[in-house]
Amino acid sequence: MKEANILIVDDEEMALLTIAEIISDLGNVYTAETGIDAINKAKQEKPDLILLDINLDDMSGFDVKKALDAEGLNIPCIYITTTETYASDAYKFGGVDFITKPIMPDMTINRVKNQLDIALSKRQLHEANLRFNAMVNSLSDAILLLDKNDTIIECNNAAEKLTGFTSKEMDNANINDVVNLSKVSNNRNIHLTVETWISEKAHLANAKYLLENRSGDYFEVSCVIEPIFDKDSSFNGSTICLRVKKELQGNFRFLDETEMLNRIRYLAELVNNQSSIANSISLYQLRLTQLADIESRFGFDALLQIKQELVSSLTSNLRPETIIGFLDNNDFIVAIPHGKNETQIENNILGLLPQTIFYLGEDIDLAFTNAHQIFDEDMFIEDVLEEISKKV
């Protein structure tokens, strides 16, 4: 146990030499005769354990302990007393144990050895934790440790960089307040209820996700969740690993089904309230006929590019109030509001869509089916949406 560092503090030279001799085989022994000297030695040597006399000439052992704690040196102390009546005070003032004068060798060795075992175990655990943190922080993958309630306990530097939140901001935050994921295949937001994911084996799926960070930047990521179970095999938390596949340039966020339909419902209310902003709505539902083939041949990146070009083409040719979004099945809806004196657009929206896109050196031909319906005053928007979905 020579790796242990022990500091003995006593203003009686004989007691100091006696204790040093008794515990010499337990570690590297340092000595101090005053409280001030003890504080300086502790700062310099960083002992694993201090044997500290309560009654020193310049200050009490309790004040030495208090000063060390104030310096952030939370070093375990065994107080040295002249009587066991000080035992309760020893524990009250942060001591882990006490020994009495005259010094009894066997008792002193046993108590010092016991506290050294505890102190060294804590030090080794601390050092292992530092090495682990250094390793985790060197990873490019974002790592987040959650408890069983999906609350973030720890995260690495890559998680801070990816999400845009500091570790302090993420501490005790729910994962869904920090990580905004949507499913690549349908742009639908994912709620990370980790225990449900694990029970459904969703963490085993080779799926891609879009992550929107705090700054509004988008990343294509894979998400792996590893459960943590306690000794009774009960779910106790999880580790989440987010691996960035690529950073996506530009704004790739499309309205999902819920958000899109809510906006269309708001437009419908304007129509039914005879608003000058919207007297009627031209509704289109369009479907890319080769969706499955394109996704299987070229992957999600091609589908994402198609979505981007469709939205870009339509928004550049239609009025700003137009609502464009995607259903969960990847059909997309276009809702164009018309004022009282505006001519309604007929079923010619296909002419605004690109016929091909160029992807990885190859032209991908695009073909669409579509359905068109006009929404006027005193109509029910849900009925119109249901009707149009039957026609596409």
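Scroll up to find the structure this text is about.
What comes next is a walk through the structure. (Residues numbered from 1 in each chain as written. Predicted model: local features only at pLDDT ≥ 70, side-chain atom pairs only at ≥ 80, totals over all residues. Heavy atoms only, no water.)

**Regarding empty space enclosed by the protein**
As a reminder of what qualifies: A cavity here means a set of points on a 1 Å grid, drawn over the protein atoms and nothing else, where a 1.4 Å probe fits but cannot get out; a pocket is an open set with protein on both sides within 12 Å along at least five of seven lines, and a residue lines either one if it has an atom within 4 Å of a point. Grid points are joined across faces, edges and corners, and a volume is the space filled by probe spheres set on the points. What counts as a helix is a DSSP run of H or I of at least four residues, what counts as a strand is a run of E of at least two, and both are numbered from the N terminus. Throughout this entry, Asp, Glu, Lys and Arg are counted as charged residues, while Ala, Val, Leu, Ile, Met, Phe, Trp, Tyr, Cys and Pro are counted as nonpolar. The remaining residues, Gly among them, count as polar.
Evaluation of the coordinates by the stated rule reveals 1 cavity of 30 Å³ or more. Size it by volume and the largest cavity reaches roughly 60 Å³. Leu-288, Leu-291, Leu-303, Ile-306, Lys-307, Leu-310, Phe-326, Asn-330 and Phe-332 are the residues that line the largest cavity. Considering every element that reaches the lining of the largest cavity, the biggest residue donor is helix 11 (residues 300-317), with 4 residues. For the lining of the largest cavity, the residue count by class is 7 nonpolar, 1 polar and 1 charged.

**So, helix 3 (residues 61-70)**
Quick reminder of the rule: Each residue's exposure class comes from its accessible area (1.4 Å probe, protein chains only) as a fraction of the maximum for that residue type: buried when under 20%, exposed when over 50%, partly exposed otherwise. Of all possible arcs, the one meant is that of the directions from the helix axis to the C-beta atoms.
Every buried residue belonging to helix 3 is among Gly-61, Phe-62, Val-64, Lys-65 and Leu-68, and all of these are buried. Seen from one end, helix 3 has its buried residues packed into an arc of 160 degrees, which puts them on one side. More than 90 degrees from the buried face of helix 3, the exposed residues found are Lys-66 and Ala-70. Of the residues flanking the end of helix 3, it is Gly-72, one or two places downstream, whose phi is positive at about 85 degrees.

**What about the sheet that holds strand 13 (residues 280-288)?**
Which entries qualify depends on this criterion: Strands were regarded as paired on the criterion that DSSP finds at least two bridges between them. Whenever a helix is involved, its axis is fitted only over the stretch in contact; in every case the axis is a line through C-alpha atoms, and angles between N-to-C directions fall within 0 to 180 degrees. Between two residues, a contact is recorded if the distance between any of their heavy atoms is within 4.5 Å.
The strand order 14-15-13-18 describes an open sheet built from 4 strands, whose pairing is antiparallel. Looking at which strands have only one partner, the edges of the open sheet turn out to be strand 14 (323-326) and strand 18 (368-375). The average undirected angle you get between the axes of adjacent strands in this sheet is 15 degrees. When strand 14 meets strand 15 (residues 332-338), the two strands line up antiparallel, connected through 4 bridges. Bridge assignment links Phe-326 to a residue of strand 15, and that residue is Phe-332. Each of strand 13, strand 14, strand 15 and strand 18 is contacted by helix 11, which is oriented at about 165 degrees to strand 14, the strand it contacts most.

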